[in-house]
Amino acid sequence: MIDTRDFGRQAGASRSYTRRPPASAGFGLDMVRVPEGEPIELDLLLEAVVEGVLVSGTARAPLTGECARCLDPISDEVEVEFRELFAYPESATDTSTDEDEVSRVTDDLIDLEPLVRDTVLTSLSPAPLCSPDCRGLCSGCGVKWAELDPEHHHETIDPRWAALRERFGGTEEEN
């Protein structure tokens, strides 16, 4: 939360802030997330404009997760930029837009969590990789392809022929 009373409502007034709030629970996607309690570094510039407060800045946070192909643990960092208008109560923007269309200044306070959460989450890959060339796991045995011999393979038989093989035995080479 940022209190807008610190710099007033006169258009053109501005103030810079640096904040390090902890990440709340569930700040991520299935395969990658900002760990709960880890600080999210916010560098902010708040500018008073006629209709409200224009908030711009960057958010940086550590990431942890699992590779979508091989399930190895990954760690990274995300940095995103954002810009959002928070409309004053009873301003023209406030009265001419739907409630969920524009963010609002409520009791002279700006709640940045939804803005930061939405910006960070939309920048994350739903399928993060430990490296761009990760080949994943062998579907037959579940071992990482990077650890297997290049000649590694599993004999697969068409399920429609499996019953015949079972009844009459293997191929001539196997007998």
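Residues numbered from 1 in each chain as written. Predicted model: local features only at pLDDT ≥ 70, side-chain atom pairs only at ≥ 80, totals over all residues. Heavy atoms only, no water.

All right, on to the confidence of the model for the protein chain then. The predicted model of the protein chain has a mean per-residue pLDDT of 80, with 87% of residues at 70 or higher. Taking the mean pLDDT of every element in the protein chain, the minimum, 63, falls on helix α1 (residues 92–96) and the maximum, 92, on strand β3 (residues 32–33). (pLDDT = per-residue confidence, 0-100. Helix = DSSP H or I, 4+ residues; strand = E, 2+ residues; numbered from the N terminus.)

This paragraph deals with the side chain of threonine 119. Looking at the secondary structure, you find threonine 119 in helix α2 (residues 113–123). Setting aside anything within four residues of it in sequence, one finds threonine 119 in contact with Val80, Glu81 and Phe82. (Contact = heavy atoms within 4.5 Å.)

Here 15 bridges tie strand β5 (residues 52–66) to strand β6 (residues 73–87), and the two strands are oriented antiparallel to one another. Note that in β6 the partner of glycine 52 across the bridge is alanine 87. As consecutive antiparallel partners, β5 and β6 are separated by six residues, and within that stretch leucine 71 has a phi angle of approximately 65°, a positive value. (Pairing = 2+ DSSP bridges.)

This part takes up the environment of leucine 121. Tracing the backbone shows leucine 121 in helix α2. Each C-alpha atom of the pair leucine 121 and valine 78 lies 9.8 Å from the other, and the pair is 43 residues apart in sequence. Look past the residues within four positions of leucine 121 in its chain and what remains in contact with it is Phe27, Gly28 and Leu29.

For the rest of this paragraph, the subject is a nonpolar patch on the surface. Taken together, the side chains of Ile157, Trp161, Leu164 and Phe168 make up a nonpolar region of the molecular surface, amounting to roughly 450 Å² of accessible area. With respect to the helices, strands and loops of the structure, isoleucine 157 is situated in the loop between α2 and α3 (159–168). (Patch = residues over 30% accessible without salt bridge, like charges linked within 9 Å, V, L, I, M, F, W, Y side chains within 5 Å. Areas by Shrake-Rupley, 256 points an atom, 1.4 Å probe, with all protein chains shown as cover. Salt bridge = Lys/Arg side-chain N within 4 Å of Asp/Glu carboxyl O.)

Here we come to the nonpolar core. Judged by nonpolar contacts, the single largest core of 30 residues is most densely connected at Ile40, Leu44, Leu46, Val55, Ile110, Leu112 and Val116. At the level of elements, β4 (41–49), β5, β6 and α2 are the ones that each hand at least two residues to this core. By residue number, the principal contributor to this core is β5, which donates five residues. With residues up to four places along the chain from it excluded, the contact list for valine 55 reads Leu44, Leu45, Leu46, Phe82, Arg83, Glu84, Phe86, Ile110 and Leu112. (Core = buried A, V, L, I, M, F, W, Y, C linked by side-chain atoms within 4.5 Å. Buried < 20%, exposed > 50% of the residue type's maximum accessible area, 1.4 Å probe, protein only.)

With respect to the helices, strands and loops of the structure, threonine 58 is situated in strand β5. Residue threonine 58 is classed as buried on the basis of its relative accessible area of 15%. Polar contacts involving the side chain of threonine 58 include one to the side chain of arginine 60, which spans 3.3 Å. For threonine 58, the residues in contact, after removing those within four places along its chain, are Glu41, Leu42, Asp43, Glu79, Val80, Glu81 and Phe82. (Polar contact = N/O pair within 3.5 Å; in protein donor to acceptor, adjacent residues only side chain to side chain.)

Moving on: the state of the cysteines. Tallying each qualifying case throughout the model produces zero disulfides. No disulfide involves cysteine 70; its nearest neighbouring cysteine sulfur is the one of cysteine 130, lying 3.7 Å away. Take cysteine 70: its relative accessible area is 6%, and that puts it in the buried class. Cysteine 134 takes part in no disulfide bond, and the closest cysteine sulfur, belonging to cysteine 70, lies 3.7 Å away. (Disulfide = S-S within 2.5 Å.)

A few words on α2. For α2, the set of buried residues is Leu115, Val116, Thr119, Val120 and Leu121. Buried-residue contacts for α2 involve β4, β5 and β6.

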